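Single-letter residue listing:
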Amino acid sequence: MPDEPATLALGRALAAGALPGRALHLRGELGAGKTTLARGLLRGLGYEGPVRSPTYALVEPYAISRLHLYHFDFYRLEDRTEWLNLGFREYFNADSLCIVEWPERAGPSLPPPDVEVALTFSGDARRASLKANSAAGDDWLSRLPASPS
């Protein structure tokens, strides 16, 4: 992905399979484009309001039609069980779509994602690797257009 518009386009493409009960984990270094990808997904779902990084709030909720989307950023977690103590487990349910940045900071008690996106730097550009971890993830990735735009 050569630039920010390409990262937004991948997020918009992922919106096609963004359904309740699913979880998306975003991995990558600081500045790799995790929040930009989440912003693109929200735009692809029709959300037109501001999309803030949840770094300080830890979670930003969005209501899009009947979809409850929760965008988490666990970068600031200091203990792997902290997310449980904050009551976030209840957000991961059949009625919600959860996007998680820095999932590794929550540890193994975080429910597994349906899809993982790893964003890495490749020179001046970024590379995205997508991996399905469930049947729902396979379905999600099968809904991607042949060439996100």
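Residues numbered from 1 in each chain as written. Predicted model: local features only at pLDDT ≥ 70, side-chain atom pairs only at ≥ 80, totals over all residues. Heavy atoms only, no water.

1. Topic: the side chain of E101
Tracing the sequence through the fold places E101 in strand β4 (residues 96-101). One polar contact links E101 to T35, side chain to side chain, over a distance of 2.7 Å. In this structure the side chain of E101 is engaged in a polar contact, spanning 2.6 Å, whose partner is the side chain of H71. (Helix = DSSP H or I, 4+ residues; strand = E, 2+ residues; numbered from the N terminus. Polar contact = N/O pair within 3.5 Å; in protein donor to acceptor, adjacent residues only side chain to side chain.)

2. Things to note about the confidence of the model for the chain
The predicted model of the chain has a mean per-residue pLDDT of 91, with 98% of residues at 70 or higher. When mean pLDDT is compared element by element in the chain, strand β1 (residues 23-28) scores highest at 97, while helix α3 (residues 82-85) scores lowest at 83. (pLDDT = per-residue confidence, 0-100.)

3. A few points about the pairing of strand β6 (residues 125-132)
Note that strand β5 (residues 115-122) and β6 share eight bridges and pair antiparallel. Residue pairing in the sheet places V115 in a bridge with A132 of β6. Between the end of β5 and the start of β6, which pair antiparallel, lie two residues, with G123 showing a positive phi angle near 65°. (Pairing = 2+ DSSP bridges.)

4. Structural notes on the sheet that holds β1
Overall, mixed pairing links the six strands, which are arranged β2-β3-β4-β1-β5-β6 in an open sheet. A single partner strand is all that each edge strand has here, and the edge strands are β2 (59-64) and β6. Strand-to-strand twist across the sheet, computed as the mean angle between neighbouring axes with direction ignored, equals 15°. The sheet strands contacting helix α4 (residues 135-142) are β1, β4, β5 and β6, and the helix crosses β6 at an angle near 135°. (Axes fitted to C-alpha atoms, helices over the stretch in contact; angles between N-to-C directions. Contact = heavy atoms within 4.5 Å.)

5. Side note on the nonpolar core
With 22 residues, the main nonpolar core has L24, L37, L41, V117 and W140 as its most contacted residues. The set of elements that each furnish at least two residues to this core consists of α1 (4-14), β1, α2 (34-44), β2, β3 (67-73), β4 and β5. Among the nonpolar cores identified, the runner-up in size contains 14 residues, and L58, F72, L77 and A106 belong to it. (Core = buried A, V, L, I, M, F, W, Y, C linked by side-chain atoms within 4.5 Å. Buried < 20%, exposed > 50% of the residue type's maximum accessible area, 1.4 Å probe, protein only.)

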